Amino acid sequence: MTNYYLWMLLSALVCTALYGFLARKLHRPALAPLTLALGAVLGIVCAKLVYYVTQIDFMIANGWAQSLVNMDPAEWCFFGGAVGVALGTCLAAKVLGAKPMEALNAFAPAGALMVALSRFGGYFLQDAMIGLGEYVENPALCFFPVTVVNEWEEHYLAVFMLEGLCALIVTAFSLGRFREKRFLRTVFYLCLAQIICESLHSDSISWLFVRVEQLLSMITMAVILLVYTAQMGRRKLRWLPLVICAACAGLFVGVEFALDKTVWPIPLIYGAMLLGMAVLAVTETKSFKLTGK
């Protein structure tokens, strides 16, 4: 566990340095270190708070006071931590007199990189079965980074590696392609990738057939599309992106139901999920273009 927290600390320092470079045009030298401090505090608070709210029965049964100070990474919500870091970025900008959205746009690539590095940090948590998928029997797939092996020589899908890779790809797009609305677009695609990654987890916070981080990701994407809609003026069919988003959300719920309650072919089920994700990506791209940037 110590190695994991050391990895997170080093990752935060690297991303803070990147943020300092990207935010140099804001002329606030203290912005990056202050964001690190506030983001760390609010990230920890929000990660625990969201987990507590979504798992309140378990937390109370386990002793609410003890649960709140438990440092086990299994009792944190990654999404909540990310929200806390974003809030810390906004607060740091306000304190130093910078515009929060300008700070968030500068922070977006560094934030995406932090997501990637945090996910890769799951390598240090595999003994606790965090960030892993189902047991893998096919010998052809039993190699790192596709799988990791435990002390009993059992191979499990290394979902944390896929999550990190997806976040790295988003980081590259955030740095190289997203010039306008960089923060919103970066967050959208981080959330989009998490739809399938969260589904691959063997253990995640769930309500019936809905995984909590999938739900939070869908809500976030819907809010971003709503922001786009508000900026489209009085265009015809401007509400269509939200309708498509709702339809895709229904599809994803159906996919989770099919995975849990049917014997349909897994490639077919995940193919439907990937199709829905592709539709959402196209919807975001077209909606962004219609905002006038």
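This structure is a prediction, so every number in the text was calculated from the model and none was measured.

Time to look at the confidence of the model for the protein chain. Confidence along the protein chain averages 93 in pLDDT terms, with 99% of residues attaining 70 or more. Confidence, expressed as mean pLDDT per element, reaches its minimum in the protein chain at strand β3 (residues 206-207) with 71 and its maximum at helix α6 (residues 100-120) with 98.

Within the structure shown, the criterion is met by 10 aromatic pairs. Centre to centre, the rings of Phe178 and Tyr189 are 5.9 Å apart; their planes meet at 25°, and the pair counts as stacked. Of this pair, Phe178 sits in the loop between α7 (159-176) and α8 (182-200) while Tyr189 sits in helix α8; the two residues are 11 residues apart in sequence, bridging distant segments of the chain. As far as burial versus exposure is concerned, Phe178 and Tyr189 are alike and both buried. Ring pairing ties together the aromatic residues Trp7, Tyr123, Phe124 and Phe144, which thus form one cluster. Above the plane of the ring of Trp76 lies Lys48, whose end atom (NZ or CZ) is 4.7 Å from the centre. One cation-aromatic arrangement involves Arg185 over Phe288; the distance from NZ or CZ to the ring centre is 4.0 Å.

This part covers empty space enclosed by the protein. Enumeration over the complete set of coordinates arrives at one cavity of 30 Å³ or more. In this structure, the largest cavity encloses a volume near 40 Å³. Lining of the largest cavity is provided by Gln126, Asp127, Met129, Leu132, Val148, Val149, Asn150, Glu154 and Tyr156. When the residues that make up the lining of the largest cavity are grouped by side-chain class, the tally is five nonpolar, two polar and two charged.

What follows concerns the environment of Ile266. Along the polypeptide, Ile266 turns up in helix α11 (residues 266-290). Note on Ile266: relative accessible area 43%, which makes it partly exposed. For the pair Ile266 and Val255, spaced 11 residues apart in the sequence, the C-alpha separation amounts to 9.8 Å.

Attention now goes to helix α10 (residues 240-261). Here α10 contains 22 residues, and its C-alpha end-to-end distance of 31 Å stays within 8% of the 32 Å for a straight helix at 1.5 Å per residue. Buried residues along α10 sit against α8, β4 (210-211), α9 (212-230) and α11.

A separate point is the layout of surface pockets. Gaps left between atoms show up when a probe the size of a water molecule is rolled over them. Computed from the structure, the second largest pocket encloses a volume of approximately 400 Å³. In terms of lining, the second largest pocket is formed by 20 residues, of which the most central are Glu134, Ser199, Leu200, His201 and Tyr270. For the lining of the second largest pocket, the secondary structure elements donating two or more residues are α8, β4, α10 and α11. Top contributing element to the lining of the second largest pocket by residue count: α10, with three residues. Grouping the constituent residues of the lining of the second largest pocket by class yields 12 nonpolar, four polar and four charged.

Further remarks concern the packing of α8 against α11. α11 packs onto α8 with a crossing angle of 175° between their chain directions and a minimal axis gap of 11 Å. On the basis of their axis angle, the class for α8 and α11 is roughly antiparallel. On the side of α8, the interface is formed by Arg185, Phe188, Tyr189, Leu192, Ala193, Ile195, Ile196, Ser199 and Leu200, while α11 contributes Tyr270, Met273, Leu274, Met277, Leu280, Ala281, Glu284, Thr285 and Phe288. When its residues are assigned to classes, the contact of α8 with α11 shows 14 nonpolar, two polar and two charged.

A few words now on the environment of Asn105. Tracing the chain through its elements places Asn105 in helix α6. Overall, Asn105 belongs to the partly exposed group, its relative accessible area being 22%. Spatially, the C-alpha atoms of Asn105 and Ala23 are 8.9 Å apart, while their sequence positions differ by 82 residues. Apart from the residues lying within four places of it in its own chain, the contact partners of Asn105 are Lys181, Arg182 and Phe183.

On to the pattern of salt bridges, then. Here the structure, examined in full by the defined rule, presents four salt bridges. As a salt-bridge pair, Arg119 and Glu163 come within 3.6 Å of each other at their nearest N and O atoms. In this pair, Arg119 is assigned in helix α6 and Glu163 in helix α7, connecting sequence segments 44 residues apart. Here Arg119 falls in the buried class, since its relative accessible area comes to 11%.

Next up on the list: the side chain of Thr147. Inspection of the secondary structure puts Thr147 in strand β1 (residues 147-149). Side-chain polar atoms of Thr147 contact the side chain of His155, separated by 3.2 Å. With near-sequence residues (within four places) excluded, Thr147 lies in contact with Val136, Leu141, Cys142, His155, Tyr156, Leu157 and Ala158.

This part is about α11. A rise of 1.5 Å per residue sets the reference length of α11, with its 25 residues, at 36 Å; its end C-alpha atoms lie 36 Å apart and thus fit the reference within 8%. Along α11, the positions that sit buried rather than exposed are Ile269, Tyr270, Met273, Gly276, Met277, Leu280, Thr283, Glu284, Ser287 and Phe288.

The next point concerns the nonpolar core. Counting 43 residues, the largest nonpolar core has Phe188, Met221, Phe252, Met273 and Leu280 as its most contacted members. Contributing elements (two or more residues each) for this core: α2 (31-54), α5 (78-95), α6, α7, α8, α9, α10 and α11. In this structure, Met221 is in contact with Phe188, Cys191, Leu192, Ile195 and Leu280, ignoring residues within four places of it in sequence. Counting 12 residues, the second-largest nonpolar core is a separate cluster that includes Ala23, Ala103, Ala106 and Phe107.

What counts, and at which threshold
- Residues numbered from 1 in each chain as written.
- Predicted model: local features only at pLDDT ≥ 70, side-chain atom pairs only at ≥ 80, totals over all residues.
- Heavy atoms only, no water.
- pLDDT = per-residue confidence, 0-100.
- Helix = DSSP H or I, 4+ residues; strand = E, 2+ residues; numbered from the N terminus.
- Phe/Tyr/Trp six-rings, centres within 6.5 Å; stacked < 30°, edge-to-face > 60°.
- Buried < 20%, exposed > 50% of the residue type's maximum accessible area, 1.4 Å probe, protein only.
- Lys NZ or Arg CZ within 6 Å of the ring centre and 35° of its normal.
- 1 Å grid on protein atoms, 1.4 Å probe; cavity = no way out; pocket = protein on both sides within 12 Å on 5 of 7 lines; lining within 4 Å.
- Points joined across faces, edges and corners; volume = space filled by probe spheres on them.
- Nonpolar A, V, L, I, M, F, W, Y, C, P; charged D, E, K, R; others polar.
- Expected span 1.5 Å × (residues − 1).
- Contact = heavy atoms within 4.5 Å.
- Axes fitted to C-alpha atoms, helices over the stretch in contact; angles between N-to-C directions.
- Parallel < 35°, antiparallel > 145°, perpendicular 65-115°, else oblique.
- Salt bridge = Lys/Arg side-chain N within 4 Å of Asp/Glu carboxyl O.
- Polar contact = N/O pair within 3.5 Å; in protein donor to acceptor, adjacent residues only side chain to side chain.
- Core = buried A, V, L, I, M, F, W, Y, C linked by side-chain atoms within 4.5 Å.

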